[in-house]
Amino acid sequence: MSDHLLSKDEMKKVDDYLDRGFKVHYVYENLSGMFVEFNRQEEEVCLQILTADARKYFAAKLQEQTLLQEGMSI
Amino acid sequence: MADLRIDLAGIKSPNPFWLASAPPTNSGYQVQRAFEAGWGGAVWKTLGEPILNVSSRFAAVSYNGQRVAGFNNIELITDRPLEVNLQEILETKKRFPNHAIIASLMVEPKQEKWHEIVKKVEAVGVDGLELNFGCPHGMAERGMGAASGQVPELVEKQTYWAKEVARTPVIVKLTPNITDITVTAEAAVRGGADAVSMINTINSLAGVDLDSWNTVPHVGGKGAHGGYSGAAVKPIALNMVAECARNPFVNVPISGIGGISNWRDAAEFMLMGATGVQVCTAAMHHGFSIVEDMIDGLNNYLDEKGIASVMDIVGQSVQRYSNWGDLDLNYKIVAEINNEVCINCNKCHIACEDTAHQCIDLYTESGRPMLKVREQDCVGCNLCAIVCPVEGAISMVERMSTIAPMTWNERQSIISSFAR
Ligand SMILES: Cc1cc2nc3c(=O)[nH]c(=O)nc-3n(C[C@H](O)[C@H](O)[C@H](O)COP(=O)(O)O)c2cc1C
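Rules of the game
- Residues numbered from 1 in each chain as written.
- Chains lettered and ligands numbered in written order.
- Predicted model: local features only at pLDDT ≥ 70, side-chain atom pairs only at ≥ 80, totals over all residues.
- Heavy atoms only, no water.
- Helix = DSSP H or I, 4+ residues; strand = E, 2+ residues; numbered from the N terminus.
- Buried < 20%, exposed > 50% of the residue type's maximum accessible area, 1.4 Å probe, protein only.
- Contact = heavy atoms within 4.5 Å.
- Axes fitted to C-alpha atoms, helices over the stretch in contact; angles between N-to-C directions.
- Parallel < 35°, antiparallel > 145°, perpendicular 65-115°, else oblique.
- Left-handed = near helix turned anticlockwise from the far one by under 90°.
- Nonpolar A, V, L, I, M, F, W, Y, C, P; charged D, E, K, R; others polar.
- Domains from an automatic or database assignment.
- Salt bridge = Lys/Arg side-chain N within 4 Å of Asp/Glu carboxyl O.
- Polar contact = N/O pair within 3.5 Å; in protein donor to acceptor, adjacent residues only side chain to side chain.
- Expected span 1.5 Å × (residues − 1).
- 1 Å grid on protein atoms, 1.4 Å probe; cavity = no way out; pocket = protein on both sides within 12 Å on 5 of 7 lines; lining within 4 Å.
- Points joined across faces, edges and corners; volume = space filled by probe spheres on them.
- Near = heavy atom within 4 Å.
- Areas by Shrake-Rupley, 256 points an atom, 1.4 Å probe, with all protein chains shown as cover.
- Sits in = over half its atoms within 2 Å of the grid points.

## Some words on the environment of B:Val155
Residues and elements named next belong to chain B. Tracing the backbone through its elements, the reader meets Val155 in helix α5 (residues 152-165). The class for Val155 is buried, based on a relative accessible area of 0%. In this structure, the C-alpha to C-alpha distance between Val155 and Glu186, residues 31 residues apart in sequence, is 9.4 Å. Setting aside anything within four residues of it in sequence, one finds Val155 in contact with Phe133, Ser148, Gly149, Val172, Thr184, Ala187 and Ala188.

Next up, the structure:
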């Protein structure tokens, strides 16, 4: 898969989790990419994000979630 | 006609173009001819401890037919007696009272030596002093020049000693042969410098002769490292000026030096914080008359922009020079190829395919070879536009980002709040 398609796929996964009500509760990055743990009540999933574009995208989503949690309009 | 006069730490000159301390300012004859040609100021060839020069002294790096892309020298400071220089400075100042004459000085790092030379040069009416802490060869082996200029404590102390007796403004000329020039610039300011100038030459060896295996240049079969200057060093010098200009502790005017060859270079240095500029290699390559185009070009530029005084552009670009971590990760540009102008040399395709992101496709349309950028894979690196030989064939165009601006620093701060 091209980097572009892979990043689109990864962005879609991020959107899917967020749309389904998952919240980000843990994030770390290492040489293998970005690892995001989402949770929804008892459910927990870990997403590995490989592409640079999707890592940028995820950070923007994380900012949105943070602002929403702080009750600010985005 | 814009007002080209500058005032650098109290040193006034009719325009921002000064000759740097070097062979063009070796004698009264030369400096007077330079002033007649239009130069606004001259930093006299460095006066100081007795030296002797060698033969040969210079070498140039020519690149793809461009003569003197860079210039290498192993020349030291003046080898003429101090009294002769002082007499010529006196005469030159008398003939050109409104031009700036700055005495460049280099003595051993001893208080009495600095006191003695400062008093002597000020007695003949110089407008300012430039302390040469930058000469990278020869003098450095004797503990002066760059050897002093690489030690912040010595920069501070010697500046302080010069300032103890100086009645004219003191400019400290910094060496680029150091990891972070702001450290020595700050030291100069702590020592009381009224201004800093940069850069002196960069340690260099111009080449090795493949037939004789001698260094270039060589002195009877032996070489020593020299100092590099000319167009090739401009980006290095410009960055150093900018780093000092945006450092709040370097809160003195800057005289910009290094690879300045035309009015555009000068304007760039001034936008990045230099109050005036000094030129050496370009004058050595083309003669004093280059200043005419520099003056005309700068004048026209200011007139076209509706700017009344050249002092008004000083530092205007400094706030745009930031840290990498404060750049917007989501800003996006992509390459756009104009096939009407493109000559199908395919340099962009080769560069992108071999060394970048493989996003320029070759295709044919009605039997005609064409090139197209796959925007989704283009990272906006500029390489294709850089290698393209045809003006206007490749443009880098902005694309609205679908995600909000975010810097690396902002991103890290958000992510860190989700760490365990
Ligand atoms: C041949 C030569 C001799 C130089 N001598 C001196 C000197 O005596 N004192 C000094 O401060 N700088 C000296 N310089 C450095 C220049 O003043 C200037 O800092 C440097 O060449 C960068 O400017 P440019 O790229 O316009 O040449 C010399 C440079 C050259 C090329």
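## Some points on the packing of helix α6 (residues 181-190) of chain B against helix α7 (residues 234-245) of chain B
Residue and element names in this part refer to chain B. Two elements in contact, α6 and α7, have axes separated by 9 Å at closest approach and are oriented at 50°. Overall, the two elements α6 and α7 adopt an arrangement that is oblique. α7 is crossed by α6, and the crossing has right-handed handedness. Taking contact as the criterion, the partners of Ile181, Thr182 and Ala185 in α6 are, on α7, Met240, Glu243 and Cys244. Residue composition of the contact of α6 with α7, grouped by class: 4 nonpolar, 1 polar and 1 charged.

## Quick notes on the domain arrangement of chain B
According to the domain assignment, chain B consists of domain 1 (6-317) and domain 2 (324-398). Each of domain 1 of chain B and domain 2 of chain B was reduced to a C-alpha centroid, and the two centroids are 40 Å apart.

## Some points on the interface of chain A and chain B
Taken residue by residue, the interface counts 17 residues in chain A and 13 residues in chain B. Counting the contacts that link chain A with chain B gives 2 salt bridges. A salt bridge links B:Arg411 to A:Glu29, with the shortest nitrogen-to-oxygen separation between them at 2.6 Å. Summed over the shared surface of chain A and chain B, the result is 4 residue pairs in polar contact (both at pLDDT 80 or more). Those elements that place two or more of their residues in the side of chain A that touches chain B are β1 (23-30), β2 (33-40) and α2 (52-69) of chain A. If you tally residues by element for the side of chain A that touches chain B, the top one is α2(A), at 9 residues.

## Brief notes about α2(A)
The terminal C-alpha atoms of α2(A) lie 26 Å apart, and with 18 residues this matches the ideal 26 Å at 1.5 Å per residue to within 8%. The set of residues buried in α2(A) consists of A:Ala54, A:Tyr57, A:Phe58, A:Ala59, A:Ala60, A:Lys61, A:Leu62, A:Gln65 and A:Thr66. Elements that come into contact with the buried residues of α2(A) comprise α1 (3-19), β1, β2 and β3 (43-49) of chain A together with α13 (408-416) of chain B. Positioned one or two residues after α2(A), A:Gly71 has a phi angle of 75°, which is positive.

## Thoughts on empty space enclosed by the protein
One water molecule sets the probe size; rolling that probe over the atoms shows where empty space is left. Residue and element names in this part refer to chain B. Under the defined criterion, the tally for this structure stands at 3 cavities of 30 Å³ or more. Quantified by volume, the largest cavity comes out at close to 420 Å³. In terms of lining residues, the largest cavity is bounded by 34 residues, among which Ser21, Ala22, Asn200, Thr201 and Cys280 are the most central. Of all the secondary-structure elements, those providing two or more residues to the lining of the largest cavity are β4 (41-48), β6 (66-73), β14 (226-229), β16 (274-279) and α9 (281-286). Per-element accounting of the lining of the largest cavity gives the leading share, 3 residues, to α9. In terms of residue class, the lining of the largest cavity is built from 18 nonpolar, 13 polar and 3 charged. Each pocket or cavity is described by its volume, and for the second largest cavity that value is around 100 Å³. Forming the walls of the second largest cavity are 16 residues, and the residues nearest its centre are Cys352, Cys359, Cys378, Cys381 and Cys384. Secondary-structure elements contributing two or more residues to the lining of the second largest cavity are α11 (347-355) and α12 (383-387).

## With respect to the site of the ligand
Residue and element names in this part refer to chain B. Neighbouring residues of the ligand: 24 residues in total, closest Ser21, Thr46, Lys173, Gly259 and Thr281. Within the side chain of Lys45, one N or O atom sits 2.9 Å away from a nitrogen atom of the ligand. In isolation the ligand exposes 610 Å². Once the protein is present, 99% of that is buried. Counting atoms within 2 Å of the grid points, the majority share of the ligand lands in the largest cavity. For the shell around the ligand, the secondary-structure elements that each account for two or more residues are β4 and β6.

## What about the environment of B:Pro81?
Residue and element names in this part refer to chain B. Here Pro81 lies in the loop between β6 and α2 (82-95). On the basis of relative accessible area, Pro81 is assigned to the partly exposed category, the value being 47%. C-alpha separation for the pair Pro81 and Thr275, spaced 194 residues apart in sequence, amounts to 32 Å.

## Notes on the pattern of salt bridges
Applying the stated rule across the entire model yields 27 salt bridges over all chains. Ionic pairing is found between B:Arg420 and A:Glu37, a salt bridge with its closest N-O pair at 2.9 Å. With B:Arg420 in the segment after α13 and A:Glu37 in strand β2, this pair bridges two chains. Residue A:Glu37 is classed as buried on the basis of its relative accessible area, which comes to 13%. The partner of B:Lys93 in a salt bridge is B:Asp127, with the nearest N and O atoms 2.7 Å apart. Note that B:Lys93 is positioned in helix α2 and B:Asp127 in the loop between α3 (111-122) and β8 (128-132), a separation of 34 residues in sequence.

## Description of the layout of surface pockets
When its volume is computed, the largest pocket comes out at roughly 1000 Å³. Secondary-structure elements contributing two or more residues to the lining of the largest pocket are α1 and α2 of chain A together with β17 (332-337) of chain B. Looking at the lining of the largest pocket element by element, the count peaks at 5 residues for α1(A). When grouped by side-chain class, the residues that make up the lining of the largest pocket number 12 nonpolar, 9 polar and 8 charged. One number sums up the size of the second largest pocket: a volume of about 280 Å³. Lining the second largest pocket are 16 residues; nearest its centre among them are B:Gly48, B:Glu49, B:Pro50, B:Leu82 and B:Ile117. For the lining of the second largest pocket, the elements supplying multiple residues, two or more each, are β4, α2 and α3 of chain B. Looking at the lining of the second largest pocket element by element, the count peaks at 4 residues for α3(B). A breakdown of the residues in the lining of the second largest pocket according to their chemical character gives 7 nonpolar, 3 polar and 6 charged.

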